[in-house]
Amino acid sequence: QKEVEQNSGPLSVPEGAIASLNCTYSDRGSQSFFWYRQYSGKSPELIMFIYSNGDKEDGRFTAQLNKASQYVSLLIRDSQPSDSATYLCAVRGSSNTGKLIFGQGTTLQVKP
Amino acid sequence: SAVISQKPSRDICQRGTSLTIQCQVDSQVTMMFWYRQQPGQSLTLIATANQGSEATYESGFVIDKFPISRPNLTFSTLTVSNMSPEDSSIYLCSARPGSGGTDTQYFGPGTRLTVL
């Protein structure tokens, strides 16, 4: 079992729809959870982080964390073609090394 | 946040040679990391660059192949030694400012390496 798992996609949604990206992790003691966006040929860009169970909203983005289910998601409302990218889920586990474990990423395609 | 720059942005190298990649952060950071991202793949952590001491390498990566320096809190280098075509990849520097109790991590623009 991979430490952080994402569906590689592609996930295709029409413009204006809600895109839902999901991530599961294996380390039950994980502390911090991050979503990065990576455009083709570019480096990862931090979108959101979440530490506590529940929802965290920032503009069109909402991160959702459920530690009991070891599940974190990212919702993108009113999806735009410019949201088309690969979204990487990253988790800081229970060790004190400080390192992040990345999922393989989900490719999102927003069609006009 | 942290603004991170890397040099060079890209290079084409011959087999058997070495390349040193520089990473500069605009402010002091607690942790710096080096990642590799091969085409179509996610990020693989090479090592954690420790200030003033030897880097901590992940399984599958060794110091002889990927020597790392971190002389201060804003700068680090990664050398890819005795390169082969399999080393062709994007190498990313990352930094964690660590202020305010957060552990957010930011990435540099990457170095695209092609080995012929």
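Coordinates for the structure precede this section.
As a convention, each chain's residues are numbered from 1 in the sequence order in which they are written. Chains carry letters and ligands carry numbers; both start at the beginning, A for chains and 1 for ligands, and go up in the order they are written. Reporting of local features is limited, given that this is a predicted model, to residues whose pLDDT is at least 70; pairs of side-chain atoms are given and counted only at 80 or more, and all residues count toward the totals for whole chains, interfaces and linings. Where side-chain values are given, they derive from all heavy atoms of the structure, hydrogens and water being excluded.

**Student:** I keep staring at the side chain of B:Gln6 and nothing clicks. Help me out?
**Tutor:** Residues and elements named next belong to chain B. Secondary structure elements follow DSSP: runs of H or I no shorter than four residues count as helices, runs of E no shorter than two count as strands, and numbering proceeds from the N terminus. Examined against the element boundaries, Gln6 turns out to sit in strand E1 (residues 4-7). Polar contact criterion, stated in full: a pair of N or O atoms within 3.5 Å, where within protein one must be able to donate a hydrogen and the other to accept it, and residues adjacent in sequence count only if both atoms are side-chain atoms. Polar contacts involving the side chain of Gln6 include one to the main-chain carbonyl oxygen of Tyr91, which spans 3.1 Å. Separated by 3.1 Å, the side chains of Gln6 and Thr111 make a polar contact.

**Student:** Which parts of the structure should I look at to understand the layout of surface pockets?
**Tutor:** To find the voids left in a structure, one rolls a probe of water-molecule size over its atoms. Computed over the protein atoms alone on a 1 Å grid, cavities are sets of points where a 1.4 Å probe fits but cannot get out and pockets are open sets with protein on both sides within 12 Å along at least five of seven lines; a residue lines them when it has an atom within 4 Å of a point. Grid points are joined across faces, edges and corners, and a volume is the space filled by probe spheres set on the points. Empty space within the largest pocket amounts to approximately 400 Å³. Residue lining of the largest pocket: 22 residues in total, with A:Glu3, A:Lys99, A:Leu100, A:Ile101 and B:Glu58 positioned closest to the centre. Mapped by element, the contributors of at least two residues to the lining of the largest pocket are strand E10 (100-102) of chain A together with strand E5 (43-49) of chain B. Split by residue class, the lining of the largest pocket holds 10 nonpolar, eight polar and four charged. Reported here for the second largest pocket is a volume of approximately 340 Å³. B:Gln37, B:Gln38, B:Pro39, B:Gly40 and B:Gln41 are the residues nearest the centre of the second largest pocket, which is lined by 20 residues in total. Residues are grouped as follows: Ala, Val, Leu, Ile, Met, Phe, Trp, Tyr, Cys and Pro are nonpolar; Asp, Glu, Lys and Arg are charged; all remaining types, including Gly, are polar.

**Student:** Would you take a moment to explain the sheet that holds E1(B) for this structure?
**Tutor:** Whether parallel or antiparallel, the strands of a sheet pair through hydrogen bonds between backbone atoms. Residues and elements named next belong to chain B. A pair of strands is treated as paired once DSSP finds two or more bridges between them. Pairing is antiparallel across the open sheet formed by four strands, whose spatial order is E1-E3-E8-E7. In this open sheet, the two edge strands, each paired with only one partner strand, are E1 and strand E7 (68-69). Note: E7 against strand E8 (residues 75-80), two bridges, orientation antiparallel. Following the sheet pairing, Ile68 is matched in E8 by Leu78.

**Student:** I would appreciate a short explanation of the pairing of strand E6 (residues 54-58) of chain A in the present structure.
**Tutor:** In regular strands, side chains alternate between the two faces of the sheet. In this structure, E6(A) lies alongside strand E7 (residues 61-66) of chain A, joined through five bridges in antiparallel fashion. Bridge assignment links A:Asp58 to a residue of E7(A), and that residue is A:Phe61.

**Student:** Even after reading the chapter, I still don't get the interface of chain A and chain B, so can you show me in this structure?
**Tutor:** For an interface, size is often stated in terms of accessible area lost upon the parts coming together. Across the boundary between the two partners, chain A contributes 19 residues, which contact 19 residues of chain B. Buried area: the sum, over both parts, of the accessible surface (1.4 Å probe) that disappears when the two are put together. Of the roughly 1400 Å² buried between chain A and chain B, counting both surfaces, carbon and sulfur atoms make up 54%. Contact with chain B buries area across many residues of chain A, yet A:Ser43, A:Lys99 and A:Phe102 alone supply 29% of it, more than any other trio. Each reported salt bridge corresponds to a side-chain nitrogen of Lys or Arg within 4 Å of a carboxyl oxygen of Asp or Glu. If you look at where chain A meets chain B, you find one salt bridge. Ionic pairing is found between A:Lys99 and B:Glu58, a salt bridge with its closest N-O pair at 2.6 Å. The interface formed by chain A and chain B holds five residue pairs in polar contact (both at pLDDT 80 or more) in total. Those elements that place two or more of their residues in the side of chain A that touches chain B are strand E4 (32-38), strand E5 (45-50), strand E9 (85-92) and E10 of chain A. In this description, contact between two residues means that some pair of their heavy atoms is separated by no more than 4.5 Å.

**Student:** Just to check I follow, could you spell out the side chain of B:Asp87 for this structure?
**Tutor:** Looking at the secondary structure, you find B:Asp87 in the loop between E8 and strand E9 (89-96). Setting aside residues up to four positions removed in sequence, B:Asp87 forms contacts with B:Arg36, B:Lys65, B:Phe66, B:Val80, B:Asn82, B:Leu113 and B:Val115.

**Student:** Help me out: how do you make sense of the environment of A:Lys42 in this one?
**Tutor:** With respect to the helices, strands and loops of the structure, A:Lys42 is situated in the loop between E4 and E5. Each C-alpha atom of the pair A:Lys42 and A:Ala90 lies 17 Å from the other, and the pair is 48 residues apart in sequence.

**Student:** How should the pattern of salt bridges be read in this particular structure?
**Tutor:** Any two side chains of opposite charge can pair, on the condition that their charged atoms come close. All names here are of chain A. All chains considered together, the criterion is met by five salt bridges over all chains. Here Arg60 makes a salt bridge to Asp83, at a shortest N to O gap of 2.9 Å. Of this pair, Arg60 sits in the loop between E6 and E7 while Asp83 sits in the loop between strand E8 (71-76) and E9; the two residues are 23 residues apart in sequence, bridging distant segments of the chain. Summary of the burial criterion: residues with accessible area below 20% of their type's maximum are buried, those above 50% are exposed, and those between are partly exposed, where the area comes from a 1.4 Å probe applied to protein chains only. Exposure remark for Asp83: the relative accessible area of 1% places this residue in the buried category.

**Student:** Where do I start with the packing of aromatic side chains in this structure?
**Tutor:** Working definition: an aromatic ring pair is given by the centre-to-centre distance plus the angle between the planes. Aromatic contacts are taken between Phe, Tyr and Trp rings whose centres are within 6.5 Å, Trp giving its six-membered ring; a plane angle under 30 degrees counts as stacked, one over 60 as edge-to-face, and the others as tilted. In the structure shown here, the tally under the stated rule is 11 aromatic pairs over all chains. Ring centres of A:Phe34 and A:Tyr51 lie 6.5 Å apart, and the angle between their planes is 80 degrees; this geometry places the pair in the edge-to-face category. With A:Phe34 in strand E4 and A:Tyr51 in the loop between E5 and E6, the pair connects residues that are 17 residues apart, well separated along the chain. For A:Phe34, a relative accessible area of 0% translates into the label buried. Relative accessible area serves as the criterion here: at 25%, A:Tyr51 is assigned to the partly exposed category. Measuring from centroid to centroid gives 5.9 Å for A:Phe102 and B:Phe107, while their planes differ by 70 degrees, and the two rings are edge-to-face. Here the residue A:Phe102 occupies a position in strand E10, and B:Phe107 occupies one in strand E10 (residues 106-107), the pair thus bridging two chains. Judged by its relative accessible area of 9%, A:Phe102 is buried.

Remember that the coordinates give geometry; whether it matters functionally is a separate question.
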